[in-house]
Amino acid sequence: MSAAVVETAVQYRAAYLNNPEPEMPRLSRMKMESGKVQLHVKVSAAGEPIKVTVLSSSHYPRLDHAAVDTVKTQWRFIPAQKNGMPIEANVVFAIEFNLK
């Protein structure tokens, strides 16, 4: 008698919990810079960002750096799951910087 192994599909839920928005750099605010940064984040099975890279720049290095730094140091994610177990996975999302 053999047991059948049933694999379930990987579940991706890009849940961002209560992560803080990146702060608009002071010089960017003074220079009236705004834009959208698209990020690619490799998320560990523990929900921590392992690697954060810019896929699409805001065209302002200060804004790109603020987005990457905030995600790397302050964000946590709900990890993807496969067969009910957390796994390492990738997520892509955008952060917008708007002058308010």
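### Overview of the sheet that holds strand β5 (residues 89-97)
Right, so step 1: Sheet architecture is open: three strands sit in the order β2-β1-β5, paired in antiparallel fashion. Looking at strand neighbours, the two that pair on one side only are β2 (49-56) and β5, the edges of this open sheet. Strand-to-strand twist in this sheet, taken as the mean axis angle between neighbours without regard to direction, amounts to 25 degrees.
Right, so step 2: Relative to β2, strand β1 (residues 35-43) runs antiparallel, the two being bridged by six bridges. Residue Val41 lies in a different strand from β2, and its bridge partner there is Val52.
Right, so step 3: Contacts between helix α2 (residues 61-74) and the sheet are confined to β1, β2 and β5, with β1 contributing the most and set at about 30 degrees to the helix.

### Structural notes on the pattern of salt bridges
Right, so step 1: This model, assessed by the stated rule, comprises two salt bridges.
Right, so step 2: Salt-bridge contacts for Arg62 lead to Glu33; the nearest nitrogen and oxygen are separated by 2.5 Å. Note that Arg62 is positioned in helix α2 and Glu33 in the loop between α1 (26-30) and β1, a separation of 29 residues in sequence.
Right, so step 3: A salt bridge links Lys42 to Glu88; the shortest N-O distance between them is 3.5 Å. Taken together, the residues span a long stretch of sequence, with Lys42 in strand β1 and Glu88 in the loop between β4 (85-87) and β5 at a distance of 46 residues.

About the criteria used
- Numbering of residues begins from 1 in every chain and follows the order in which that chain's sequence is written.
- Only residues with pLDDT of 70 or above have their local features reported here, since the model is predicted, and side-chain atom pairs are shown and tallied only from 80 upward, although totals for entire chains, interfaces and linings are computed over all residues.
- Side-chain numbers here rest on the full set of heavy atoms in the structure, without hydrogens or water.
- In this description, strands pair whenever DSSP reports at least two bridges between them.
- To qualify as a helix, a DSSP run of H or I must reach at least 4 residues; to qualify as a strand, a run of E must reach at least 2; elements of each kind are numbered from the N terminus.
- Angles shown run from 0 to 180 degrees and are taken between the N-to-C directions of axes, each axis being a line fitted to C-alpha atoms and, for helices, limited to the stretch in contact.
- Residues are treated as being in contact if the distance between any of their heavy atoms lies within 4.5 Å.
- For this analysis, a salt bridge means a side-chain nitrogen from Lys or Arg found within 4 Å of a carboxyl oxygen belonging to Asp or Glu.

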